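Coordinate analysis (summary)
Residue strings, one per chain:
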Amino acid sequence: MKKILFIVFSMFLLQNICCAKDTIEFSFPNEGWHKVASPDGVESKRCYVPYNQTGENYTEMLIFSQRVLKNTGLSAVTILHKQLGKDKNNYIDIEPEYVFQNINDSTVVWCSKLKNTCAVERAFQAPQGVVLAIYINKMPHYSQNMFGQWTNILNKVKVYEPQENKETPKNLIEL
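First, a word on what this report is: a plain description of the structure on this page.

Here's the deal with the pairing of strand β3 (residues 46-49)
- The side-chain alternation of β3 yields two buried faces, one formed by Arg46 and Tyr48 and the other by Cys47 and Val49.
- With 3 bridges connecting them, strand β2 (residues 34-36) and β3 associate as antiparallel partners. Across the sheet, the residue bridging to valine 36 is cysteine 47, located in β3.
- Across 3 bridges, the pairing between β3 and strand β4 (residues 60-67) is antiparallel. From the neighbouring strand, arginine 46 faces β4, where its bridge partner is phenylalanine 64.

Structure below.
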């Protein structure tokens, strides 16, 4: 009986470990962005901050993560709605506005006046799940076109698809 339980447990463990993840291609808007540990300790998040900022002390952060879907009925917009629910727990005064909303690719923007924080969040379908690309700014300059600029930047994030006889780009992020 112990062996059967051990085998079943091992199969579940291996199934979770062997989940394939996608690789995304992204060009940072300027030089100096570097990888840092996720402020909330989640190892599956890929977090980047500009030059002279850290994971503990930052004003801007880019976060890339992937939700591997075990239930194929969940779409990118559903995952984005779940993310917005988490955001509402931390920023109670936000009112998200969709820049565009498609079942497989959606972008939303929001600001919290209480915490002086703004964000642009994009969720899009990838072969192995849904990719979330999030830009957070803790000191937004409302006079700048932050939302337009960062919406355009995040819309350039795409899944990397290797092609024969082509050099591998350097701007790849493995999720």
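On we go from here.
A closer look at the sheet that holds β4
- The strand order β2-β3-β4-β8-β7-β6-β5 describes an open sheet built from 7 strands, whose pairing is antiparallel. Strands at the two margins of the open sheet, each flanked by one partner only, are β2 and β5 (97-100). Averaged over all adjacent pairs, the angle separating strand axes in this sheet is 25°, with direction ignored.
- Here helix α3 (residues 146-154) sits on the sheet in contact with β4, β5, β6 (105-112), β7 (117-126) and β8 (129-137), set at roughly 25° to β7.

Here's the deal with the packing of aromatic side chains
- All chains considered together, the criterion is met by 8 aromatic pairs.
- Between tyrosine 135 and tryptophan 150 the ring centres are 3.8 Å apart and the planes differ by 5°, which places this aromatic pair in the stacked class. Highlighted residues: tyrosine 135 in strand β8 and tryptophan 150 in helix α3, separated in sequence by 15 residues. Accessibility assignment for this pair places tyrosine 135 and tryptophan 150 in one class, buried.
- Through a chain of ring-to-ring contacts, three or more aromatic side chains come together here, namely Phe26, Phe28, Trp33, Tyr48, Phe64, Tyr135 and Trp150.
- Its end group placed over the ring of tyrosine 91, lysine 115 keeps NZ or CZ at 5.3 Å from the ring centre.
- The aromatic ring of tyrosine 58 is capped on one face by lysine 138, whose charged end is 4.1 Å from the ring centroid.

What counts as what
One numbering rule holds for all chains: residues counted from 1, following each sequence as written. Local features are withheld for residues below a pLDDT of 70 in this predicted model, meaning they are given only at 70 or higher, and side-chain atom pairs are given and counted only at 80 or more; totals for whole chains, interfaces and linings count all residues. Where side-chain values are given, they derive from all heavy atoms of the structure, hydrogens and water being excluded. Using a 1.4 Å probe on the protein chains alone, a residue whose accessible area is under 20% of its type maximum counts as buried, one over 50% counts as exposed, and one in between counts as partly exposed. Strands here are runs of E lasting at least two residues and helices are runs of H or I lasting at least four, both read from the DSSP assignment and numbered beginning at the N terminus. Two strands are said to pair when DSSP picks up at least two bridges between them. Lines fitted to C-alpha atoms define the axes, with helix axes restricted to the stretch in contact, and inter-axis angles between N-to-C directions lie between 0 and 180 degrees. Any two residues having at least one pair of non-hydrogen atoms within 4.5 Å are treated as being in contact. Only the six-membered ring of Trp is used, alongside the rings of Phe and Tyr, when aromatic pairs are assigned; centres must lie within 6.5 Å, and planes under 30 degrees apart are stacked while those over 60 apart are edge-to-face, with the rest tilted. Criterion for a charge above a ring: Arg CZ or Lys NZ at most 6 Å from the ring centre, at most 35 degrees from the ring normal.

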